[in-house]
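Residue-level structural notes
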Amino acid sequence: MNAIVEVRGVRLGEGVPKICVSMTGRTKEELLEEAELLRSIKPDFAEWRVDFFEAVDSLDDSFEEILAVLAELRELLENTPLIFTFRSSREGGQRELAEDKYIRLNREAAASGHADMIDIELFMGENIVRELAAEVRRIGALSIVSNHDFHGTPSKEELTARLRLARELGADVPKIAVMPHNPGDVLALLEATYIVSSDGIGPIITMSMDRTGVVSRIAGGTFGSALTFGAAKKASAPGQLAVAELRGILNTLYGG
């Protein structure tokens, strides 16, 4: 693994933490409107949260509609790096997919050439994650191996172990997001971030959610988190700040 992960000229793990905005439209029209908005906001990364897309409910054996929308988003976003994410409901997403469909959907998104990074959930199982991350890389995309806990914050040791496991399974970028119950939980997340980022192997993404965890979204870079999420029209997770506000704070903290 490289200490820097570069996507369309954007270098994760170097300089100011990068800003990603998630598109959560339920319909094609809503998504294209969001993509147009992102063209003016100019975040470092865009993410399509496919689990919000209503057409997922009518999937049979074809992902044609999703791939067609993905192609349109790629065209509108031009050279902005695009993350393709189906977040399962067990990790705070909107929907579930059968295991085989989850694997094929992510594989086909990578093979389309329109998604730069594929988000793979850590708790899909070690064999699935390892094989899918390796296949995504062979195809020419990159992988984020992620874990989300909307109920609490594991111990510092467990957070550290999950981030390192994601790396061992082939993640180009491990990611973890947790829900704090008190400031001590935020400290545990930030300490785990510092420990794993100090391995010097490559960038990681971490965040503590909700109001208590907002500090991790703006100061996470100090501890080694390479990317943070901001909101354009609608937040995709608790505690996200508006992009303009977030960018101003990051530039103040890290020197722009």
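Each residue is numbered by its place in its chain's sequence as written, counting from 1. Only residues with pLDDT of 70 or above have their local features reported here, since the model is predicted, and side-chain atom pairs are shown and tallied only from 80 upward, although totals for entire chains, interfaces and linings are computed over all residues. The side-chain numbers reported here are obtained from all heavy atoms of the structure, hydrogens and water having been left aside.

1. Side note on the UniProt feature "active site" (unreviewed entry) in the chain
Keep this limit in mind: UniProt positions are given in the numbering used here, feature names are shortened, and annotations may be inferred rather than shown by experiment. We call a residue buried when its accessible area falls under 20% of the maximum for its residue type, exposed when it is over 50%, and partly exposed in between, using a 1.4 Å probe and counting protein chains only. We call two residues in contact when some of their heavy atoms are within 4.5 Å. By the criterion applied in these results, polar contacts are pairs of N or O atoms within 3.5 Å in which, for protein atoms, one can donate a hydrogen and the other can accept it, and in which residues neighboring in sequence qualify only through two side-chain atoms. Only DSSP runs of H or I covering at least 4 residues are called helices, and only runs of E covering at least 2 are called strands; the numbering of each starts at the N terminus.
Per the UniProt annotation, the sites labelled "active site" (unreviewed entry) are His148 and Lys175. Separation in sequence by 28 residues is not matched in space for these annotated residues, since their most distant C-alpha atoms are only 8.5 Å apart. Looking at histidine 148, the relative accessible area reads 9%, which means it is buried. Setting aside residues up to four positions removed in sequence, histidine 148 forms contacts with Arg87, Glu91, Lys175 and Ala177. Engagement of the side chain of histidine 148 in a polar contact is seen with the side chain of arginine 87, the distance being 3.4 Å. One can find lysine 175 in strand β8 (residues 173-178). A residue is classified by how much of its surface remains accessible, and lysine 175, at 7% relative accessible area, is buried. If sequence neighbours within four positions are ignored, lysine 175 has contacts with Arg87, Ile144, Val145, Ser146, Asn147, His148, Leu163, Ile205, Met207 and Phe229.

2. What about the environment of glutamine 240?
Mapped onto the fold, glutamine 240 is located in the loop between β10 (227-231) and β11 (241-242). On the accessibility criterion, glutamine 240 (12% relative accessible area) is buried. Each C-alpha atom, one on glutamine 240 and one on glycine 213, is 9.6 Å from the other, the two residues being 27 residues apart in sequence.

3. Quick look at the pattern of salt bridges
Inclusion rule: Whenever a carboxyl oxygen of Asp or Glu lies within 4 Å of a side-chain nitrogen of Lys or Arg, that contact is scored as a salt bridge.
Counting across every chain of the model gives 21 salt bridges. Taking the shortest distance from any N to any O, the salt bridge between glutamate 121 and arginine 87 comes out at 3.3 Å. Of this pair, glutamate 121 sits in strand β6 (residues 117-121) while arginine 87 sits in the loop between β5 (82-85) and α3 (99-112); the two residues are 34 residues apart in sequence, bridging distant segments of the chain. As far as the burial class goes, glutamate 121 and arginine 87 line up, both buried. Close ionic contact of glutamate 157 with lysine 156 constitutes a salt bridge, the shortest N to O distance being 4.0 Å. With a relative accessible area of 52%, glutamate 157 lands in the exposed category. Put simply, Arg87, Arg90, Glu96, Asp119 and Glu121 are held in one network by salt bridges that share partners.

4. Quick word on the UniProt feature "binding site: 3-dehydroquinate" (unreviewed entry) in the chain
Under the UniProt annotation, "binding site: 3-dehydroquinate" (unreviewed entry) lies at Ser22, Glu47, Trp48, Arg49, Arg87, Arg217, Ser236 and Gln240. Here the side chain of serine 22 touches glutamate 47 through a polar contact of 2.4 Å, side chain to side chain. Side chain to side chain, arginine 87 and glutamate 121 meet in a polar contact 3.3 Å long.

5. Regarding the pairing of β6
Here is the rule we go by: Between any two strands, at least two bridges found by DSSP are needed for them to pair. Here is how to tell: hold the view so the strands point away, follow the path from the first strand over the helix to the second, and if it runs clockwise the crossover is right-handed.
Counted residue by residue, β6 has five buried out of five residues, so it is predominantly covered. Residues Met117, Asp119 and Glu121 point to one face of β6 and Ile118 and Ile120 to the other, with burial holding for every one of them. As judged from the two bridges shared by β5 and β6, these two strands associate in the parallel manner. Within the sheet, the bridge partner assigned to phenylalanine 84 lies in β6 and is isoleucine 118. This β-α-β element, β5 to α3 to β6, shows right-handed connectivity. Here β6 pairs with strand β7 (residues 142-149) via five bridges, running parallel. Across the sheet, residue aspartate 119 finds its bridge partner in β7, namely isoleucine 144. In this view, the connection linking β6 to its parallel neighbour β7 by way of helix α4 (residues 126-139) has right-handed handedness.

6. A look at helix α6 (residues 183-197)
How we decide: Take the residue count of a helix, subtract one, and multiply by 1.5 Å to get its expected span.
Given a rise of 1.5 Å per residue, 15 residues ought to cover 21 Å, and the 21 Å separating the end C-alpha atoms of α6 matches this to within 8%. On its buried side, α6 packs onto α5 (156-168), β8, β9 (205-208) and α7 (214-223). Capping the start of α6, asparagine 182 holds a side-chain oxygen 2.9 Å from the backbone nitrogen of glycine 184, two or three residues further along.

7. Some points on the packing of helix α1 (residues 28-41) against helix α2 (residues 64-77)
So the rule is basically this: To define axes, lines are fitted to C-alpha atoms, for helices over the stretch in contact only, and angles between the resulting N-to-C directions are given on a 0 to 180 degree scale. Under this scheme an angle from 65 to 115 degrees is roughly perpendicular, one under 35 degrees roughly parallel, and one over 145 degrees roughly antiparallel; angles in between are oblique. By definition, any crossing whose near helix is turned counterclockwise from its far helix by less than a right angle is left-handed, and any crossing with a clockwise turn is right-handed. Each residue gets one of three labels, nonpolar for Ala, Val, Leu, Ile, Met, Phe, Trp, Tyr, Cys and Pro, charged for Asp, Glu, Lys and Arg, and polar for the others, Gly among them.
Where α1 contacts α2, the axes come no closer than 9 Å and their chain directions differ by 20 degrees. In terms of orientation, α1 and α2 fall into the roughly parallel class. Crossing handedness for the pair α1 and α2: right-handed. The segment α1 lies against α2, with Lys28, Leu31, Leu32, Ala35, Glu36, Leu38 and Arg39 engaging Val69, Glu72, Leu73, Leu76 and Leu77. Here the contact of α1 with α2 is composed, by residue class, of eight nonpolar, no polar and four charged.

8. Observations concerning the pairing of strand β3 (residues 18-23)
Counting buried residues along β3, six of its six residues qualify, which places the element largely inside the surrounding structure. In β3, alternate side chains face the same way, and those of Lys18, Cys20 and Ser22 on one face and Ile19, Val21 and Met23 on the other are all buried. Across four bridges, the pairing between β3 and β10 is parallel. Residue cysteine 20 lies in a different strand from β10, and its bridge partner there is phenylalanine 229.

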